[in-house]
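# Topology and contacts: notes
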Amino acid sequence: MDRLYQAVQGQHGTDCLDRLIAEADGDALEDCLVGFLAQLRKEAVIEKVDKSFTWTSAVSFVTDMLRYAGNTSGARAAAVEAKVLRLETLYRQLVPNPETPPPPIRALPPRHRRPV
């Protein structure tokens, strides 16, 4: 989670992840997650390391904390739960290092020119 906190601080210039979660600021949290996903994708390409666990941990942390923050009754709880469902729907299926498709299978080998 330290990586997520650092990424949010880098994006906003301040350590504000806890405040965004406490306020259930869905738009700002989505922006933070998008930025963190972009950072992880870049690192995955450069380092050739699977960053999926880091990503799923970050999404789980944010959604769990939102649920905990909204664990009251009334309109606030319903609004927070709607934001959690939206975050889960949007971000759980994303991965920071998607697999690239294999090259197409060809029936004939590539044509090579013969020296003249």
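To start, this report covers the structure provided alongside it. (Residues numbered from 1 in each chain as written. Predicted model: local features only at pLDDT ≥ 70, side-chain atom pairs only at ≥ 80, totals over all residues. Heavy atoms only, no water.)

## Some remarks on the pattern of salt bridges
Threshold: What counts as a salt bridge is simple: a side-chain nitrogen of Lys or Arg found within 4 Å of a carboxyl oxygen of Asp or Glu. Exposed residues in this analysis have more than 50% of their type's maximum accessible area, buried residues have under 20%, and partly exposed residues fall in between, with area computed by a 1.4 Å probe over protein chains only.
Scanning all chains against the criterion turns up five salt bridges. Across the pair E23 and R19 runs a salt bridge, and its minimum N-O distance is 3.3 Å. Put simply, E47 and K51 hold a salt bridge, and the shortest N to O gap is 3.0 Å. Relative accessible area serves as the criterion here: at 43%, E47 is assigned to the partly exposed category. Its relative accessible area of 9% is what places K51 among the buried residues. Each of R3, E43, E47 and K51 takes part in one network of salt bridges that share partners.

## A word on helix α3 (residues 26–47)
As a reminder, the rule being used: Each helix corresponds to a stretch of at least 4 residues labelled H or I by DSSP, and each strand to a stretch of at least 2 residues labelled E; elements are numbered beginning at the N terminus. Multiplying 1.5 Å by the helix residue count minus one yields the expected span of that helix.
Helix length check: α3, at 22 residues, gives a terminal C-alpha distance of 31 Å against a target of 32 Å (1.5 Å per residue), a fit within 8%. Residues G26, A28, L29, E30, C32, L33, F36, L37, L40, E43 and A44 constitute the buried set of α3. Within two residues after α3, K48 carries a phi angle of roughly 55 degrees, on the positive side.

## Details of the packing of helix α1 (residues 2–12) against α3
Let me state the cut-off plainly: With axes taken as lines fitted to C-alpha atoms, and helix axes fitted only over the stretch in contact, angles between N-to-C directions fall between 0 and 180 degrees. Note on terminology: angles under 35 degrees are roughly parallel, angles over 145 are roughly antiparallel, angles of 65 to 115 are roughly perpendicular, and the others are oblique. Left-handed describes a crossing whose near helix is turned anticlockwise from the far helix by less than a right angle; the clockwise case is right-handed. Two residues qualify as a contact provided that any one of their heavy atoms is within 4.5 Å of a heavy atom in the partner residue. Side-chain classes follow a simple rule in which Ala, Val, Leu, Ile, Met, Phe, Trp, Tyr, Cys and Pro form the nonpolar group, Asp, Glu, Lys and Arg form the charged group, and the remainder, Gly included, forms the polar group.
It is the contact of α1 with α3, at a shortest axis distance of 9 Å, that shows an interaxial angle of 110 degrees. Viewed along their axes, α1 and α3 adopt a mutual orientation that is roughly perpendicular. α1 and α3 meet at a crossing whose hand is right-handed. In this structure, α1 contributes R3, L4, A7, V8, Q11 and H12 to the contact, and α3 contributes D31, C32, G35, F36, Q39, L40 and E43. Taken together, the residues of the contact of α1 with α3 sort by class into six nonpolar, four polar and three charged.

All we've got here are geometric facts, nothing functional implied.
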